[in-house]
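Descriptive analysis of the structure
If you want the building blocks of each chain, they are given just below.
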Amino acid sequence: MDKIAQALVAAGRGILAADESNGTIKKRFDSIKVESTEENRRAYREMLFTARGAEAAISGVILYDETLRQSAADGRPFARVLSDMGIVPGIKVDKGAKSLAGCPGETVTEGLDGLRERCQEYHKLGARFAKWRAVIDIAGDGVPTDTCIRANAHALARYAAICQETGLVPIVEPEVLMDGAHDIARCAVVTEQALNALYDELRLQRVRLEATLLKPNMVISGKKCATQAGVDEVAARTLEVLKRCVPAAVPGIVFLSGGQSDLLATRHLDAMNKLDGALPWKLSFSYGRALQAAALQAWGGKAANVAAGQAAFLLRARANGAAALGKWSAAMEKAA
Ligand code: 13P
């Protein structure tokens, strides 16, 4: 499993998060006025997974349960399509963020019941890594509570231990949301709390860190904050927090994009990799929206637009692959 974790953060490569639940993909399809039928979801995912050359920048793809059971038009299951390209198939295994009793407005991610059996089945279907996302909101002075941070860290660690037992590399994702009016300093404090709690629990649950990846938010200003920190500050503050909290045994950190614009998600990653050559872990991406938004627009639900959708996806994949090496430049943003 250590080898899979390392392969997922091989130089210049990162992860495509295409694991939107049916509820979330419906929202994305609504934005382009396409009906969210099983066939439309399949066709959209096929467009992404068959983009030729994506494997140069994409090491793994996170799938949703339905997608892992679907096939390309040529009859090959999607997991096979990806592994034929040298891309590792992964699977989202959590059952979503549910309200946390006693903590109004906060959530804990559920899905531990039956997880071992689900992971065993996913492994048989070809998945080799997994994702579980915890959601931590910042609101006012009192949120997040310690209750929320600890409950989510505990669930992430229990999930990670079960994944490793069943042969899947766990990606642990404690996402501190960028919604809200808080400043970057508050985001730094909360992210540090969440990561410290997470690594305490991972230790307690005897998770082998060498066979995990961390998927964190960047340390960033809240979307509604009047003062938006610039690229260099985001890079410096994010690295400061990660260096304090993430053990060197972890092979890689793959950021979520979290609602950042496509370009900022790329520039932030690039700036971090340009800053410091002596980090203990690889810094790469596991973007959903920041890899897909342009492709979704270009596709618009029409078979005739598949090539345009793939070109838009490849542009973002290559830009982020370069950013994972600290070698992105603005010139890369022009379509080839
Ligand atoms: P975004 O990059 O759109 O935040 O999605 C990544 C993800 O998989 C969240 O769990």
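The structure under discussion appears in the preceding block.
To start, this report covers the structure provided alongside it. All of these numbers come straight from a predicted model, not from anything done at the bench.

Moving on: the pairing of strand 6 (residues 129-136). Counting buried residues in strand 6 gives 7 out of 8 residues, a clear majority hidden from the surface. In this structure, strand 3 (residues 88-92) lies alongside strand 6, joined through 3 bridges in parallel fashion. By the bridge assignment for strand 6, Lys 92 is matched with Lys 131. Considered for its hand, the β-α-β crossover made up of strand 6, helix 7 (residues 146-165) and strand 7 (residues 169-176) is right-handed.

Before going further, it helps to spend a moment on the side chain of Asn 320. Turning to its location among the elements, Asn 320 is positioned in helix 12 (residues 306-323). The contact partners of Asn 320, leaving out residues within four places of it in the chain, are Ala 265, Thr 266, Leu 269, Phe 285, Tyr 287, Ala 290 and Leu 291.

All right, on to the packing of aromatic side chains then. All chains considered together, the criterion is met by 6 aromatic pairs. Aromatic pair Tyr 44 and Trp 299: ring centres 5.1 Å apart, planes at 40°, arrangement tilted. Here Tyr 44, found in helix 3 (residues 38-49), pairs with Trp 299, found in helix 11 (residues 289-299); they are 255 residues apart in sequence, far enough to count as distant. Each member of the pair, Tyr 44 as well as Trp 299, is classed as buried.

Before going further, it helps to examine the state of the cysteines. Counting across every chain of the model gives 0 disulfides. Not part of a disulfide, Cys 103 finds its nearest cysteine sulfur in Cys 148, a span of 7.0 Å. Cys 225 carries a free sulfur, and the closest cysteine sulfur to it, the one in Cys 187, is 11 Å from it. Residue Cys 225 is classed as buried on the basis of its relative accessible area of 12%.

On to unusual backbone geometry, then. The peptide bond linking Val 143 to Pro 144 adopts the cis configuration, its omega dihedral lying at 10°. Along the chain, Pro 144 falls in the loop between strand 6 and helix 7. Positive phi outside glycine occurs at Lys 33, with the angle close to 55°. In this fold, Lys 33 is placed in the loop between helix 2 (22-31) and helix 3. Accessibility expressed as a relative area gives 79% for Lys 33, which makes it exposed. Unusually for a residue other than glycine, Arg 206 sits at a positive phi of about 60°. Note on placement: Arg 206 falls in the loop between helix 8 (184-204) and strand 8 (213-214).

Once that is clear, we can look at the site of the ligand. Residues in close proximity to the ligand total 13 residues, the closest being Lys 131, Lys 215, Ser 257, Gly 258 and Arg 289. For the ligand, an oxygen atom lies 2.7 Å from a polar atom in the side chain of Lys 215. Contact distances for the ligand include 2.5 Å between an oxygen atom and a side-chain N or O atom of Ser 257. If you list the elements that add at least two residues to the shell around the ligand, you get strand 6 and strand 10 (282-287). Per-class residue counts for the shell around the ligand are 3 nonpolar, 4 polar and 6 charged.

This part covers helix 10 (residues 262-275). Between its terminal C-alpha atoms helix 10 stretches 20 Å, which fits the 20 Å expected from 14 residues at 1.5 Å a residue. Every buried residue of helix 10 is accounted for by Ala 265, Thr 266, His 268, Leu 269, Asp 270, Ala 271, Met 272 and Asn 273. Against helix 9 (231-245), strand 9 (252-255), strand 10, helix 11 and helix 12 lie the buried residues of helix 10.

Definitions and limits used
Residues numbered from 1 in each chain as written. Predicted model: local features only at pLDDT ≥ 70, side-chain atom pairs only at ≥ 80, totals over all residues. Heavy atoms only, no water. Buried < 20%, exposed > 50% of the residue type's maximum accessible area, 1.4 Å probe, protein only. Helix = DSSP H or I, 4+ residues; strand = E, 2+ residues; numbered from the N terminus. Pairing = 2+ DSSP bridges. Right-handed = clockwise from strand over helix to strand, strands pointing away. Contact = heavy atoms within 4.5 Å. Phe/Tyr/Trp six-rings, centres within 6.5 Å; stacked < 30°, edge-to-face > 60°. Disulfide = S-S within 2.5 Å. Near = heavy atom within 4 Å. Polar contact = N/O pair within 3.5 Å; in protein donor to acceptor, adjacent residues only side chain to side chain. Nonpolar A, V, L, I, M, F, W, Y, C, P; charged D, E, K, R; others polar. Expected span 1.5 Å × (residues − 1).

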